[in-house]
Every structure is written in structure tokens, then in C-alpha cells.
Amino acid sequence: MSEKEDLVKQKAAAAAKAKAVALARKQAKGEAAEKPEGEKDIAKQKAAAAAKAKAAALARKKAKAESAEKPEGETDIAKQKAAAAAKAKAAALTRKKAKAESAEKPEGETDIAKQKAAAAAKAKAAALARKKAKAESAEKPEGETDIAKQKAAAAAKAKAIAAAKAKAAAAAKTRTTVKESTEDNTPDEPSPNQAKLDRIVHAIERHVGQEALIDHYINRLSKDVPTLVANPDTYFSIAKFLRNDEQLNFSYLSELHGTDFESHMEIYVHLHSFNMNQSVALKVKLDRDSPIIPSLVPLWSGANWPECEAYDLLGINFQEHPDLKRILLGDDWKGYPLRKDYQPYDVEV
């Protein structure tokens, strides 16, 4: 067969094939035109689903082929990436859900939920801290653990002491401030006995002498009693004036005692005037090494035993006392027990 004959046959076959395709299309179109509208949609949907399934199958096949072709390391990385992406997607969904639930809750419930979450987080942190401290303590040698405990206890103790000191200082400061405020606001009111003291002092200076008294004042710590401090040389003269003056008339001696002040001895006499309805204190300071003073027994007989007692216990000598003697201790007793430097002669007595 010649080439010309072959070409004719091929053209005839192609023309027959094209004619058959055209007839098939025409037939299909005619069948489609004859079908109802609903059947057409179903057919289209079936065709679309078949095409989608075919595409998905081809994609999976392709992916499988590519995965099979990849080295093992790249496959693992791809899996990890896929797992991380899925995890991130799940976390995002959880957050979105929680946010939506929180937005839907009333404000009060939202606050309570936040507080619960904060408390849970705090408790978790504290538990972790305790666990960590316990683990560190367990890892340390016993000696170091004890030292750490001692240091912690000492630090806590020092902190408590510092807090107590600060508290006490603040309280003391408050008390001082209140006291100063009270003192500043309280006027120094004159004593109700000031006028009587002035009257007595004026009378003594006029009749006994300007230098008869060393000092005079109101003793506010002892019921505002007027107090006279006499010169030893004028002690008896002042006492005599107080006793015999008709206006003053301190006729009652209620108290007489001595005191060792280490730097000197002191005699304290408490007198009372019924005319004035007033008491007065008469004091005199004596040389401690040779305490000698005139007796008041010639003026008040009630001074007898108190002067003997002052002689017995302190060694004060009262001149012109009618019967000065020991009344509590024996005549052979050594020393005077109320003196500050007294040393017993016999320690076993």
C-alpha cells in the first residue's frame, strides 16, 4: 500500500471518530434535555461529588507518594509540625471557648472565677516552693540543715524583737507626747496652803531672824504640807517659836524620825496647830560624822521616844535630852543598824 492510500484511510477514520463523538454528544444533550429539573441537579451533584472524591483520592495518593519518597528525618519533622499545629489549634479553641463563657457570665461570677483561678495559681506556686525547699533541704548535709534552721529562727527572733522595740518606742513616744501636752496645758496652780506658808515664814523671819531658814516650800508629794528647812543653829529656836507663838501654836508633835542620806543625816518633825487647823514639817540637816542637835523634849514631851529611837538606830545625839538611851537594842550593841554603811558586829546575830 502506498503512502497516499494510508493517509486517506487515516483521514476517513478520524472523520468517522469525530462523527461518532458528535453523535454521542448530541444524544447526551438530547437525553439531558428530556430529564426533569430535579434529576438534572442530582446528576450534577453526583458528578461533582465523584469529581471531588477522585481529586481527594489523587491528592492522598500524591501525598503518600511524596511521603514515601522523603527521607525519614523529614517525615518526623513534618509529623511534629503537624502535631504542634493541631495542639496550637486546640489551645486556641479552648481559649476562645473560655473567653466566650467568661463573656456570657455575670460580672460577679467572673470575679469569683478570677479569684479562684488566682488562689489556685498561688497555692500551686506555694506547693512548688515548699517542694523545692524540701528537696534542697534533703540534699543538704544534716549539719548545714541545722545551721540554716538556726539562722532562720534567729532571724525570726531578731525581727520579732525589733518589732517589739519599735512598738514600745512608739508607745513611749505617745505617752511622752501626751504627758508633755498635759503638762503644757495644765497651769501651775498655786497651793491652797501657800498663803499659810508665807504667813509662817514671815513670822519666823520677823521673830527668829532673816537667816533662820535655809529653805521653805510646799511639798506637793505630801498633801501640800508647808515645809521649813532650818539652820542647825536655829533649829531649836524655830521649834520653840512655832510651839509658843499664840497665833501659830503648833502644840502637837505627831512625828519625829531621822534618815541617813549618806551625804548627811536629816531630822524630820511633823507638827500640827489646832488654832490654824494646819500641819507643818520642820527639817534640819546634820553632819553625818557627828550628828548632834538640841532635843525637843523640853518643848514636846512626845519627842522623847522618837529621839531615843533615832539615837538607837542612827546614832544621832540629842543634846539636853532627859534620858537618851537605847530602847530597841541592848546597851552593848555595836553600831547603828539604820545607817547605810552598817556592818553587823556579829554576823550570826
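To keep things clear, this report deals only with the structure shown in the data block. (Residues numbered from 1 in each chain as written. Predicted model: local features only at pLDDT ≥ 70, side-chain atom pairs only at ≥ 80, totals over all residues. Heavy atoms only, no water.)

Secondary structure summary: the protein contains eight helices and seven strands in total. Counting over 349 residues, the protein shows a buried share of 21%. Restricting to contacts in the protein with at least 6 residues of sequence separation, those with at least 24 account for 51%. (Helix = DSSP H or I, 4+ residues; strand = E, 2+ residues; numbered from the N terminus. Buried < 20%, exposed > 50% of the residue type's maximum accessible area, 1.4 Å probe, protein only. Contact = heavy atoms within 4.5 Å.)

Those residues of helix α7 (residues 235–244) not exposed but buried are Tyr235, Ile238, Ala239, Phe241 and Leu242. Taken around the axis of α7, the buried residues stretch over an arc of 160°, which confines them to a single face. Looking at the buried residues of α7, the elements they touch are α6 (194–207), β1 (213–219), β2 (225–230), β4 (265–273), β5 (278–286) and β6 (292–294). (Arc of directions from axis to C-beta.)

On to unusual backbone geometry, then. For Lys223, which is not glycine, the phi torsion reads 60° and is therefore positive. Along the chain, Lys223 turns up in the loop between β1 and β2. Judged by relative accessible area, Lys223 falls into the exposed class, the value being 80%. For Asn249, which is not a glycine, the phi torsion comes out positive at approximately 50°.

A word on the pattern of salt bridges. The full count for this structure, using the stated rule, is five salt bridges. For the salt bridge of Asp341 with Arg288, the shortest nitrogen-to-oxygen distance reads 3.0 Å. Of this pair, Asp341 sits in the segment after β7 (317–319) while Arg288 sits in the loop between β5 and β6; the two residues are 53 residues apart in sequence, bridging distant segments of the chain. Assessed through its relative accessible area of 45%, Asp341 is described here as partly exposed. The closest approach of N and O atoms between Lys325 and Asp323, which form a salt bridge, is 3.3 Å. For Asp323, a relative accessible area of 38% gives the class partly exposed. Through salt bridges that share partners, Asp260, Arg288 and Asp341 make up one connected network. (Salt bridge = Lys/Arg side-chain N within 4 Å of Asp/Glu carboxyl O.)

Quick look at the pairing of β1 now. Relative to β2, β1 runs antiparallel, the two sharing six bridges. Looking across to β2, one finds that Leu213 is bridged to Ala230. (Pairing = 2+ DSSP bridges.)

In this section: the sheet that holds β2. Picture the strands of a sheet paired through backbone hydrogen bonds; they go either parallel or antiparallel. Strand order in the open sheet formed by five strands is β1-β2-β5-β4-β3, with mixed pairing between adjacent strands. Sheet topology places β1 and β3 (252–260) at the edges, where each strand pairs with a single neighbour. The sheet shows a mean angle of 20° between the axes of neighbouring strands, direction not considered. Its contacts with the sheet put α6 on β1, β2 and β5, and the angle it makes with β1 is roughly 165°. (Axes fitted to C-alpha atoms, helices over the stretch in contact; angles between N-to-C directions.)

A word on the packing of aromatic side chains. The geometry of two aromatic rings is summed up by the distance between their centres and the angle between their planes. All told, the structure shown has one aromatic pair when counted by the stated rule. Judged by centre distance (6.3 Å) and plane angle (40°), the rings of Tyr252 and Phe274 are tilted. Placement of the pair is Tyr252 in strand β3 and Phe274 in the loop between β4 and β5, with a sequence separation of 22 residues. Look at Tyr252 and you get partly exposed, because its relative accessible area is 43%. Taking relative accessible area as the criterion, Phe274 reaches 56% and is therefore assigned exposed. (Phe/Tyr/Trp six-rings, centres within 6.5 Å; stacked < 30°, edge-to-face > 60°.)

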